[in-house]
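Structural features, examined
Residues per chain are reported as follows:
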Amino acid sequence: MYKIRIIGAGLAGSEAAIYLAKKGYNVDLIEMRPKYTTKAHTTSLPAELVCSNSLGSADILNASGLLKKEAEILGSALFEIANATSIPSGNSLSVDRFGFSNEVEKTIKNYKNINIIREKYEKIDDTTPTIIATGPLTSDELCNEIKAKFGQSNFHFFDAVAPIVEKKSINFDKAFYASRWDKGDADFINCPMDKSEYENFYNILINSQRAKLKDFEANYFEGCMPIEVMASRGKDTLRFGPMKPVGIFDKRIKTEFKKHQFWAIVQLRQDDKMANLYNLVGFQTNLLWSEQKKLIHSIPGLENANIVRYGVMHANTFINSPQILNKYLQTKKYKNIFFAGQLTGVEGYCESIATGLLAAINMDLYIKNKQMITLSNNTMLGALTDYITYSEHKKFQPINSNWGIINELSEESGKIKDKKYKNTLRSQRATEEIQKLKDNIKE
Ligand SMILES: Cc1cc2nc3c(=O)[nH]c(=O)nc-3n(C[C@H](O)[C@H](O)[C@H](O)COP(=O)(O)OP(=O)(O)OC[C@H]3O[C@@H](n4cnc5c(N)ncnc54)[C@H](O)[C@@H]3O)c2cc1C
């Protein structure tokens, strides 16, 4: 039987190893801990949860809950273990931290065809089918190797993400499409402020609390200025930076020609292929999420904005998946090499497990010379994979599961106001598609 190499016994790597071992492959699972460790791991256990012990919502009407359900249908071993080691936590799936990782280790060790090799992987061998799942804290040597093989500009050491909102929640009585000085297409959505609105926004911003960076993260952000830091340099700094109003006009309002119609403007840029999501340009931020919500809702036009992704700044190694990967999580350049987990630009425990599973399913099909699978954007896993591999991204930043990346139900569905009912229909549609796919890939 073929040998497959999996690099990193984290969440994605452990999930992939178990799936492929079940299929009968000889799996070399290469993990550098405990000999070498990361700045967040503290044990030698596989699938260690580096921070919270919560795997997010267990409710299928929640985006993360749906992703879990989809992975369960596709045969996820880690979610099965998570359910078996869960502890009471209301509507979410929280686990006994060490119970969970110990059980993953036990499962891996029960497969005689998984060989755990405790060493640091440094050179990518593209002659052996390999899944690289070394996570957000990939060792420096492997980071350099990935850069050498796939290009310097296709590798990132941190993310500084600006918040993303759903377009349909934007109030277009106030917001409007325009480009600066009418250059090119009017692709940007603009949220204008008068002087008092700007002052209100500014006061909220400078009084907001920031999230605490870990010590090892602080030096990553020297060259990257969050809006709260920019604002602390002076009341008008933002008006001469990302909130510059010059050259942007709302044509619905008649004014004699001046350099600007407004005191300040927040611009939003299209973020996904379907134009459902828009990010706030220049708004990378490290504010607490509750503070971001208050701040964003103070922007005219975004009073009721549905925030699908909050801004974050943290150490995070990830590849430029839109350039490097195809939709099967296989590299375009080396057919034997797949990537999975947070390193692909998905973010979160569940997203890492789910992409580990998808990479393993496709690795199996690839080796058998069968058609690999993609899931449609009706499913959370399909929409996530599509997002990270969509090659037109102007500035790719990591993403977690959210409803904004999912296809609308139908044209009429825009009229469905009951969110719970809508998510019930979306979840049904997704699980039916995944079930059908599962039946098709069964041998
Ligand atoms: C500090 C921190 C806190 C986080 N907190 C949360 C949270 O609370 N909730 C959440 O949902 N997500 C969180 N995340 C994000 C993310 O979901 C987790 O990091 C998740 O563990 C990613 O899964 P993974 O399988 O991609 O990587 P990991 O689980 O990190 O697994 C990667 C493995 O690869 C190994 N490795 C690295 N380099 C090499 C090498 N060269 N050779 C061999 N092995 C190597 C590592 O030792 C590790 O075991 C956090 C991330 C960080 C960095």
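These numbers were taken from a predicted model, which means no experiment stands behind them. (Residues numbered from 1 in each chain as written. Predicted model: local features only at pLDDT ≥ 70, side-chain atom pairs only at ≥ 80, totals over all residues.)

Some details on the site of the ligand
Neighbouring the ligand are 33 residues, the closest being Gly8, Gly10, Cys51, Gly135 and Gly341. Counting only elements with at least two residues in the shell around the ligand, the list comes to helix 1 (11-22) and helix 10 (349-367). Top contributing element to the shell around the ligand by residue count: helix 1, with three residues. When grouped by side-chain class, the residues that make up the shell around the ligand number 16 nonpolar, 14 polar and three charged. (Near = placed C-beta within 6 Å. Helix = DSSP H or I, 4+ residues; strand = E, 2+ residues; numbered from the N terminus. Nonpolar A, V, L, I, M, F, W, Y, C, P; charged D, E, K, R; others polar.)

Description of the sheet that holds strand 3 (residues 54-57)
Across the sheet, which stays open at both edges, the three strands sit in the order 3-5-4 with antiparallel pairing between neighbours. Of all the strands in the sheet, just strand 3 and strand 4 (86-87) have a single pairing partner and so form its edges. Where strand 4 and strand 5 (residues 92-95) come together, two bridges link them in antiparallel fashion. Paired with Ile87 across the two strands is Ser94, which belongs to strand 5. (Pairing = 2+ DSSP bridges.)

Some thoughts on the nonpolar core
Ile6, Ala16, Ala17, Leu20, Ile131, Ile353 and Leu357 are the most contacted members of the largest nonpolar core, which has 124 residues in total. Top contributing element to this core by residue count: helix 10, with 10 residues. Looking at which domains feed residues into this core, each of domain 1 (3-159 + 315-441) and domain 2 (164-310) supplies at least three. In contact with Leu20, other than residues within four places in its own chain, are Ile4, Tyr25, Val27, Ala360, Met363 and Asp364. (Core = buried A, V, L, I, M, F, W, Y, C linked by C-beta atoms within 7 Å. Buried ≥ 20, exposed ≤ 12 C-beta atoms within 10 Å, placed from the backbone. Domains from an automatic or database assignment. Contact = placed C-beta atoms within 7 Å.)

As for helix 8 (residues 289-297)
For helix 8, the complete set of buried residues consists of Gln292, Leu295 and Ile296. Angular distribution of buried residues about the axis of helix 8 spans 95 degrees; they occupy a single face of the element. Contact partners of the buried residues in helix 8: helix 6 (195-206) and strand 14 (307-309). (Arc of directions from axis to C-beta.)

A word on the domain arrangement of the protein chain
Taken as a whole, the protein chain is organised into domain 1 (3-159 + 315-441) and domain 2 (164-310). Measuring from the centre of the C-alpha atoms in domain 1 to the corresponding centre in domain 2 gives 32 Å. With 13 residues of domain 1 at the interface, the matching set in domain 2 holds 11 residues.

Quick notes on helix 6
Taking 1.5 Å of rise per residue, 12 residues should cover 16 Å, and helix 6 covers 16 Å from first to last C-alpha, within 8% of that figure. Residues of helix 6 that are buried: Tyr198, Phe201, Tyr202 and Leu205. Projected down its long axis, helix 6 shows its buried positions confined to an angular sector of 100 degrees, all on one face. On its buried face, helix 6 sits against strand 11 (189-193), helix 7 (227-232), strand 12 (264-270) and helix 8. (Expected span 1.5 Å × (residues − 1).)

What about the pairing of strand 11?
Counting buried positions over the five residues of strand 11 gives five, a clear majority of the element. Of the two faces of strand 11, both are covered, the one formed by Ile189, Cys191 and Met193 as well as the one formed by Asn190 and Pro192. Bridge count between strand 10 (residues 176-177) and strand 11: two bridges; the pairing is antiparallel. Within strand 11, the residue paired with Phe176 across the bridge is Asn190. Direction of pairing for strand 11 relative to strand 12: antiparallel, over a ladder of five bridges. The residue bridging Asn190 from the neighbouring strand is Gln267, located in strand 12.

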